[in-house]
Amino acid sequence: MSDYLSLLMFPLLILFIFAGFQVAFSMILVATIFGLMQFGDVTAYQLLSKIEETATNSILAAVPLFIFMGAMLEKSGIAERLFKAIHMWTHGMPGGLGVGAILLGTIFAAASGVVGATEAVIGMLAIPIMMKHAYDKRLLSGVICASGSLGTAIPPSITVIVLGPVAGVSVGQLFSGLLLPGLMMATLFILYVVMLSWLKPTVAPRQVEDGEGYSLKDRLTATFTALLPAAILIFAVLGTILMGLATPTEAAACGALGSILLAASYRNLTVKVMWNSLMSTVNISAMILLIVLGGNMFAGVFFAAGGMATVQSVLLGTGLEAWAILALILIIAFLAGFVLDMMSVVLIVIPVAMPVVRLLGFDEVWFCVAFLVVLQTSYLTPPLAPSIFYLRAITPPDISLRHMYAGVVPFIVIQLLVLTAVLAFPATALWLPDVMGGPAWE
């Protein structure tokens, strides 16, 4: 009976969250209540050991470093330079501004990995100019939400850095496994925007007058001064991880230093920029690491109370085929993404799901990549889409929730197509890790 009692931890957690408690504190509180009920005073030692375990996890050291890199790119104006440089090349295409926003999202995601920050930066840069050129509000909303969400699907992703240790899977292999699906997604986003703008020019009017000042010399100058340095920075981070030359933490440290040097080379490295970047890093890192700590406490009590064995027996006792059980796990993750942030879904679902996935004989990296694509889709899906809440905070009042809900639908369909490709063709997620091989990454 005590084993089944542990399953009540999930409804109580949801109850606390809906009551207005923050996710991290809700998980800590539920873990404490059920720990005291089942183990008494020993719970204190168990929860304290989770604090030490989280604090000494070397992989999590990459989190503040990646966040600092993204904050420095934003605060020092490097992201704005990037958008202008991209715009010089895409302005004459159908839906050129939308394509530029998606490309910026792809680059920023590959240099930062923080989803909310990516969407906020892209939105603040792209929305005013898209509004000026009378872009359809639905297309505008969908483009900003979709490009911002690429922070989950394109490495280095903060969510992956947290997921790796929890799932017991190499972070480096997850990065390489996620790269192709992430790039597929970005490519399909761009193709959709171009095709829609070509078929219906009124949704994305061309900016012919803007192009008159963009000579080849201007474009090449922008490429060498803005795009090329960013590409070198991304290679220094992502390339070294994929080739097995550096662990995620080492690569993140190189990226953080690189962002400082890049800001200094543009003469934008002021005391104010550094202070704002550091404060942003502290705030976001504290929030993420507190959620990780709460998730570890929650999972620790759940495991110790026999909840894992109970879930395993319930899932395997349903008599469903292995694929059906896998689909059920992904559906649960998708629904959990409606209520919880990505980090919380990872910390609650993955510890329960991974033993079942291993028992069913599925590849761990492949499952984790599919799981992340599902999470990203949930991030975009109304009515509780976090991406829409981020967008709501930075858009003018004349862009309504109806525009946002309608705008994200085509991009959700694209994400489902990528998910189908990952599930139907495992090589989509496994080919690059197999090719890279190399050492056992951190």
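Overview of the structure.

Definitions and limits used
Residues numbered from 1 in each chain as written. Predicted model: local features only at pLDDT ≥ 70, side-chain atom pairs only at ≥ 80, totals over all residues. Heavy atoms only, no water. Helix = DSSP H or I, 4+ residues; strand = E, 2+ residues; numbered from the N terminus. Rg over C-alpha atoms; globule rule 2.2 N^0.38 Å. Buried < 20%, exposed > 50% of the residue type's maximum accessible area, 1.4 Å probe, protein only. Contact = heavy atoms within 4.5 Å. Areas by Shrake-Rupley, 256 points an atom, 1.4 Å probe, with all protein chains shown as cover. Lys, Arg positive; Asp, Glu negative; His and termini not counted. Charge placed at Lys NZ, Arg CZ, Asp CG, Glu CD. Core = buried A, V, L, I, M, F, W, Y, C linked by side-chain atoms within 4.5 Å. Expected span 1.5 Å × (residues − 1). Salt bridge = Lys/Arg side-chain N within 4 Å of Asp/Glu carboxyl O. Phe/Tyr/Trp six-rings, centres within 6.5 Å; stacked < 30°, edge-to-face > 60°. Patch = residues over 30% accessible without salt bridge, like charges linked within 9 Å, V, L, I, M, F, W, Y side chains within 5 Å.

Here we look at the overall build of the protein chain
So, point 1. Within the protein chain, the regular secondary structure consists of 21 helices and zero strands.
So, point 2. A compact globule built from 442 residues should have a C-alpha radius of gyration of about 22 Å, and the protein chain, at 22 Å, falls within 12% of that.
So, point 3. Based on the C-alpha atoms only, the size of the protein chain along its principal axes is roughly 75 × 45 × 45 Å.
So, point 4. Counting every position in the protein chain, which comprises 442 residues, the buried fraction comes to 55%.
So, point 5. For the protein chain, restricting intrachain contacts to residue pairs at least 6 apart in sequence, the fraction spanning at least 24 positions comes to 81%.
So, point 6. On the protein chain, roughly 18000 Å² of surface is accessible, and the fraction owed to carbon and sulfur atoms is 71%.
So, point 7. One finds the centroid of the 16 positive side-chain charges in the protein chain at a distance of 16 Å from the centroid of its 20 negative side-chain charges.

Describing the nonpolar core
So, point 1. Phe66, Ile161, Leu163, Trp366, Phe367 and Phe371 are the most contacted members of the largest nonpolar core, which has 151 residues in total.
So, point 2. Not counting chain neighbours up to four residues away, the residues in contact with Phe371 comprise Leu163, Leu330, Ala333, Val345, Val346, Val349 and Ile350.

With respect to the side chain of Gln415
So, point 1. Structurally, the position occupied by Gln415 is in helix α20 (residues 401–424).
So, point 2. Taking the relative accessible area as the measure of exposure, Gln415 reaches 0% and is therefore buried.
So, point 3. Those residues in contact with Gln415, other than ones at most four positions away along the chain, are Ser149, Met185, Phe189, Val373, Gln376, Thr377 and Leu380.

Observations concerning helix α5 (residues 62–75)
It helps to recall that an α-helix has 3.6 residues per turn; residues three or four apart then point in one direction.
So, point 1. If you check α5, its first and last C-alpha atoms are 20 Å apart, about what 14 residues at 1.5 Å a residue would give, namely 20 Å.
So, point 2. Where α5 is concerned, the buried positions are Ala62, Val63, Phe66, Ile67, Phe68, Met69, Gly70, Ala71, Met72 and Leu73.
So, point 3. Structurally, α5 contributes buried residues whose contacts are with α6 (78–90), α7 (96–111), α10 (158–167), α12 (216–242), α13 (248–265) and α14 (271–304).
So, point 4. At the exit of α5 stands Gly77, carrying a positive phi of roughly 85 degrees.

Describing the pattern of salt bridges
So, point 1. Inspection of every chain in the model, using the stated rule, returns five salt bridges.
So, point 2. With a shortest N-O distance of 3.7 Å, Glu80 and Lys84 are connected by a salt bridge. Here Lys84 and Glu80 lie together in helix α6, a separation of four residues that amounts to about one turn.
So, point 3. Among the residues examined, Glu80 registers a relative accessible area of 39% and is labelled partly exposed.
So, point 4. Residue Lys137 pairs with Asp398 through a salt bridge whose shortest N-O separation is 3.8 Å. Here Asp398 lies in the loop between α19 (386–394) and α20 and Lys137 lies in helix α9 (residues 137–153), a separation of 261 residues in the sequence.
So, point 5. Residue classification places Asp398 among the partly exposed residues on the basis of a relative accessible area of 39%.

Focus on the packing of aromatic side chains
So, point 1. In this structure the tally under the stated criterion is nine aromatic pairs.
So, point 2. Pairing Phe16 with Phe21 gives two aromatic rings, centres 5.4 Å apart and planes at 80 degrees, and the pair type is edge-to-face.
So, point 3. Looking at Phe16, the relative accessible area reads 15%, which means it is buried.
So, point 4. Here the aromatic cluster, defined as three or more aromatic residues joined through ring pairs, consists of Phe10, Phe298 and Phe302.

Looking at the side chain of Thr377
So, point 1. Relative to the assigned elements, Thr377 resides in helix α18 (residues 364–380).
So, point 2. Apart from the residues lying within four places of it in its own chain, the contact partners of Thr377 are Phe334, Ile412, Gln415 and Leu416.

A closer look at α12
So, point 1. For α12, which comprises 27 residues, the first-to-last C-alpha distance of 34 Å sits more than 12% below the rise-based estimate of 39 Å (1.5 Å per residue).
So, point 2. The set of residues buried in α12 consists of Ala222, Ala226, Pro229, Ala230, Leu233, Ile234, Val237, Leu238, Gly239, Thr240, Ile241 and Leu242.
So, point 3. The inward-facing, buried residues of α12 abut α5, α6, α7, α11 (171–199), α13 and α21 (427–436).

Structural notes on a nonpolar patch on the surface
So, point 1. The grouping of Trp89, Leu216, Leu220, Phe224, Leu228 and Ile232 at the surface amounts to a nonpolar patch, some 600 Å² of accessible area in total.
So, point 2. Per-element accounting of the nonpolar patch gives the leading share, five residues, to α12.
So, point 3. As for its placement among the helices and strands, Trp89 is situated in helix α6.
So, point 4. Note on Trp89: relative accessible area 37%, which makes it partly exposed.

Remarks on the environment of Ile28
So, point 1. On the secondary structure map, Ile28 appears in helix α3 (residues 23–39).
So, point 2. Placed 270 residues apart in sequence, Ile28 and Phe298 show a C-alpha to C-alpha distance of 6.4 Å.
So, point 3. With residues near it in sequence (within four places) discarded, Ile28 still touches Leu290, Gly294 and Met297.

A closer look at unusual backbone geometry
So, point 1. Even without glycine at this site, Ala134 takes up a positive phi of about 60 degrees.
So, point 2. Relative to the elements of secondary structure, Ala134 occurs in the loop between α8 (115–132) and α9.
So, point 3. Located in the positive-phi region is Arg267, a residue other than glycine, with phi close to 60 degrees.
So, point 4. Within the secondary structure, Arg267 is located in the loop between α13 and α14.
So, point 5. Judged by its relative accessible area of 77%, Arg267 falls in the exposed class.

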